[in-house]
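# A structural walkthrough
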Amino acid sequence: MKIENLDHLGLVAALVDEIGMVELADELLHAHSLNHISPGQVLKAMILNGLGFVSAPLYLFSEFFEGKPVEHLLGPGITAAHLNDDRLGRVLDGLFEYGTTLFFLKVAMQAVERFGVSVSQCHLDSTSFALDGEYPSANGSDVELEADLEVPQAIEICRGYSRDHRPDLKQFLVNLICTADGGIPVWFTVGSGNEPDCQTFAGLMTAFAEQWETPALLVADAAFYSEPNLQTVGRLPWLSRVPVTLKSAQTLVDSSLESLIEMPCTLEGYRLWEQRQTYGGVEQRWVLVESPHRSESDDWLKPLDKEKKGLQQQVRQMCRQIFACKPDATSALMRFQDTLTGYKLTQVTLVAVAAKRPPGRPKRANPSEPPTIGYQWQATLERTAEYEVQCQQRHRRFILATNVLDAQTYPAERLLREYKGQQQVERGFRFLKDPLFFTSSVFVKKPQRVEALALVMVLTLLVYSLGQRKLRAQLDQAGETVLDQKQRPTPIPTFRWILQKFQAIHLVSMHTGQQVSNLSEERSKIIRLMGFPSCRYYLLN
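Residues numbered from 1 in each chain as written. Predicted model: local features only at pLDDT ≥ 70, side-chain atom pairs only at ≥ 80, totals over all residues. Heavy atoms only, no water.

### Some remarks on the confidence of the model for the chain
When pLDDT is averaged across the chain, the result is 86; 89% of the residues are at 70 or more. Element-level pLDDT for the chain is lowest in helix α8 (residues 141-148), with a mean of 44, against a maximum mean of 97 in helix α1 (residues 9-19). Here residues 138-149 is modelled with pLDDT under 50, and outside its nearest four sequence neighbours on either side it reaches 10 contacts, counting other chains as well. (pLDDT = per-residue confidence, 0-100. Helix = DSSP H or I, 4+ residues; strand = E, 2+ residues; numbered from the N terminus. Contact = heavy atoms within 4.5 Å.)

### A closer look at the pattern of salt bridges
Should their charged atoms come close, side chains of opposite charge can pair. With the rule as written, the count across this model stands at 18 salt bridges. As a salt-bridge pair, aspartate 181 and arginine 469 come within 3.0 Å of each other at their nearest N and O atoms. Placement of aspartate 181 in the loop between β3 (170-179) and β4 (185-192) and of arginine 469 in helix α17 (residues 447-478) is noted, with a sequence separation of 288 residues between them. The residue glutamate 480 makes a salt bridge to lysine 525 at a minimum N-O spacing of 3.7 Å. With glutamate 480 in the loop between α17 and β13 (482-483) and lysine 525 in helix α19 (residues 521-530), the pair connects residues that are 45 residues apart, well separated along the chain. Its relative accessible area of 26% is what places lysine 525 among the partly exposed residues. A network of salt bridges, in which partner residues are shared, links Asp17, Lys44 and Arg536. (Salt bridge = Lys/Arg side-chain N within 4 Å of Asp/Glu carboxyl O. Buried < 20%, exposed > 50% of the residue type's maximum accessible area, 1.4 Å probe, protein only.)

### Regarding the nonpolar core
Ranked by internal contacts, the top residues of the largest apolar core, which has 129 residues, are Leu95, Phe103, Leu459 and Tyr538. Looking at this core, the element that brings in the most residues is α17, giving 16 residues. In contact with leucine 459, not counting residues within four places along its chain, are Met21, Leu43, Ile47, Phe103, Phe104 and Val107. Of all hydrophobic cores here, the second largest spans 19 residues; its members include Trp300, Val315, Leu333 and Leu381. (Core = buried A, V, L, I, M, F, W, Y, C linked by side-chain atoms within 4.5 Å.)

### Overview of the packing of helix α2 (residues 21-29) against helix α7 (residues 100-115)
α7 packs onto α2 with a crossing angle of 145° between their chain directions and a minimal axis gap of 11 Å. Handedness of the crossing formed by α2 with α7: right-handed. Between α2 and α7, the contacting residues are Met21, Leu24, Ala25, Leu28 and Leu29 on the first element and Phe103, Lys106, Val107 and Gln110 on the second. Within the contact of α2 with α7, the residues separate by chemical class into seven nonpolar, one polar and one charged. (Axes fitted to C-alpha atoms, helices over the stretch in contact; angles between N-to-C directions. Left-handed = near helix turned anticlockwise from the far one by under 90°. Nonpolar A, V, L, I, M, F, W, Y, C, P; charged D, E, K, R; others polar.)

### With respect to the pairing of strand β15 (residues 506-510)
A regular strand places its side chains so that they alternate between the two faces of the sheet. Of the pairings in the sheet, the one linking strand β1 (residues 2-5) to β15 comprises four bridges and is antiparallel in character. When the sheet's bridge partners are listed, glutamate 4 is paired in β15 with leucine 507. Examined bridge by bridge, β15 and strand β16 (residues 513-517) share five bridges and lie antiparallel to one another. Across the sheet, the residue bridging to leucine 507 is valine 516, located in β16. What sits between the antiparallel neighbours β15 and β16 is a turn of two residues. (Pairing = 2+ DSSP bridges.)

### What about the packing of aromatic side chains?
Enumeration over the complete set of coordinates arrives at 15 aromatic pairs. Judged by centre distance (6.3 Å) and plane angle (85°), the rings of tyrosine 98 and phenylalanine 103 are edge-to-face. Tyrosine 98 gets classed as partly exposed once you look at its relative accessible area, which sits at 24%. Centre to centre, the rings of phenylalanine 398 and tyrosine 419 are 6.3 Å apart; their planes meet at 40°, and the pair counts as tilted. Here phenylalanine 398 is found in strand β12 (residues 397-402), whereas its partner tyrosine 419 is found in helix α15 (residues 412-420), with 21 residues between them in sequence. Here phenylalanine 398 and tyrosine 419 have matching classes, each one buried. An aromatic cluster of at least three residues, connected via ring pairs, comprises Phe224, Tyr225, Trp238, Tyr279 and Trp286. When the ring centre of tryptophan 273 is taken as reference, the NZ or CZ atom of arginine 397 above it lies at 5.9 Å. (Phe/Tyr/Trp six-rings, centres within 6.5 Å; stacked < 30°, edge-to-face > 60°. Lys NZ or Arg CZ within 6 Å of the ring centre and 35° of its normal.)

### So, the side chain of histidine 8
Assignment of secondary structure puts histidine 8 in the loop between β1 and α1. A distance of 3.1 Å separates polar atoms of two side chains, one belonging to histidine 8 and the other to glutamine 503. Sequence-distant contacts of histidine 8, defined by excluding residues within four places in its chain, comprise Leu51, Gly52, Phe53, Leu499, Phe502, Gln503 and Tyr538. (Polar contact = N/O pair within 3.5 Å; in protein donor to acceptor, adjacent residues only side chain to side chain.)

### Some words on unusual backbone geometry
Even without a glycine there, the phi angle at alanine 504 is positive, about 70°. With respect to the helices, strands and loops of the structure, alanine 504 is situated in the loop between α18 (495-501) and β15. On the accessibility criterion, alanine 504 (40% relative accessible area) is partly exposed. Even without a glycine there, the phi angle at leucine 539 is positive, about 60°. As for its position among the elements, leucine 539 is in the segment after α20 (532-537). Take leucine 539: its relative accessible area is 36%, and that puts it in the partly exposed class.

### Topic: the sheet that holds β15
The strand order across the open sheet built from three strands is β1-β15-β16, with neighbouring strands paired in antiparallel fashion. Because the sheet does not close on itself, it has two edges, and the strands there are β1 and β16. Taken pair by pair, the neighbouring strands of this sheet meet at an average axis angle of 20°, ignoring direction.

### Considering helix α9 (residues 201-212)
One turn of an α-helix holds 3.6 residues; hence residues three or four places apart share an orientation. Taking 1.5 Å of rise per residue, the 12 residues of α9 would be expected to cover 16 Å, and the 16 Å separating its terminal C-alpha atoms lies within 8% of that figure. All of the buried residues along α9 are Phe201, Ala202, Leu204, Met205, Phe208, Ala209 and Trp212. The arc that holds every buried residue of α9, seen down its axis, measures 160°, which confines them to one face. On its buried side, α9 packs onto α7, β2 (121-131), β3, β4, β5 (217-220) and α10 (227-233). With its phi angle positive at about 50°, glutamate 213 sits one or two positions after the end of α9. (Expected span 1.5 Å × (residues − 1). Arc of directions from axis to C-beta.)

### Let's talk about the sheet that holds β5
Strand order in the open sheet formed by nine strands is β4-β3-β2-β5-β6-β12-β9-β8-β7, with mixed pairing between adjacent strands. Strands with a single pairing partner mark the edges of an open sheet, and in this sheet they are β4 and β7 (261-263). Between one strand axis and the next, the sheet turns through 30° on average, direction left out of account. Where helix α14 (residues 385-396) meets the sheet, it contacts β9 (282-290) and β12, and its direction lies at approximately 40° from that of β12. Against the sheet, helix α16 (residues 423-432) contacts β2 and β3, and its axis sits at roughly 25° relative to β2.

### Overview of the environment of isoleucine 505
Mapped onto the secondary structure, isoleucine 505 falls in the loop between α18 and β15. Sequence spacing of isoleucine 505 and leucine 519 is 14 residues, and the spatial spacing of their C-alpha atoms is 6.9 Å. Leave out the neighbours within four places in its chain, and isoleucine 505 touches Glu4, Asn5, Leu6, Asp7, Val516, Ser517, Asn518, Leu519, Arg523 and Tyr538.

Written out as structure tokens, the structure reads:
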């Protein structure tokens, strides 16, 4: 008798099978006849490892599958020894040479078709992944060799703006477009560590629209909103937040709103106003949003405190100056006060500065005080109450812009709801950076394999997102629930929690056959809701 840990890996393997990822990878990467395990099977193994919720670096990859039913999950004749780092490295090289974006596009298109995912609304964002160690420069000899062999250009792993607040580390970027329907990633690119969002978002949108051939509404954050980007995307429908650095945006946020028409909104606490605007030569609708939730925090005070700290330094510098006469001192004070906005000087006093008394005991013949040599200001800085109210109001408000002028199809409230769905991409990034996710720590030392491993990361996110979307849809259709972490019934569980509920499930092999142990009633219900592929791995009829 042999007992192996199946756990939640059957659910993951079933989702990979439903996508058809193994067959597609074998077709695109052309498996060698002498290999015991095909590229698609290796890719499936890496996704199983990625969702294994253990920290297993590449050189311990085969150890991850020790004690697990490898043949049952991957195919007859496959053992953990076949999943060595050399075989994985060759598959990563093959993914890079084929093109990571193109490979992901074909997998995503097949997944969207088979799972019936809507791509009518999508969200775009990017994040950075920090790496330890040294990486060759893009100007090195390896890149020159790649150009001669017509191999795709490798990304440059270098320092740039770090979303992880680690400017000391080199990094690379991952750009994702995810659907509003379940947060399914449908477009993926890897960028060099110093690529700015404002210069890449428009190109990503254009490439996505060309490949998917769909008039999807693309939602992005304020990094997209610039005159060159708006002109680049042309008539592609988009929705973006407007940066408050624009003068027209500041004017609208600070306005009294009496000249604007308030739009209906059923979202509790939100207020919406709309106006037509032209920016970058593009006619668009601006929706001013006042959020009640943003006023509950004190985040608006942080930039003010930083601003006041800088001004206090300027006040101290002015107060250290010695002026020859009172008119000069008064003139300097007036000039400084003219530079203040939202602040005022209080407890202002002009004091005389006396010359320093010479060292030693003063002479009896001249016991008088030292003569005055100048004047100095003493003052403190205070923020005005009106300025605080204005800043708090500015913090509560933000502006959404879109080139979709049809207010019937996309009223202001719908635009707000679509923008709030931007959290779909952000949740995907949090998943990729979770410490339990093995690829959150990138350990390969070639930029080409780093890019290929990033592809595996996003393919894993694709499998995870599809699993969560499918289970929630099945629960809703069947009117069923499962127990959450607090043992309360919920129709919208996270797929992570579902995978964790499947721990301690074993595949028992005997001479009379196989059976799966520890399948509770709830676990069996979940397996059946996930469909036939999952039932096959857990030996359910």
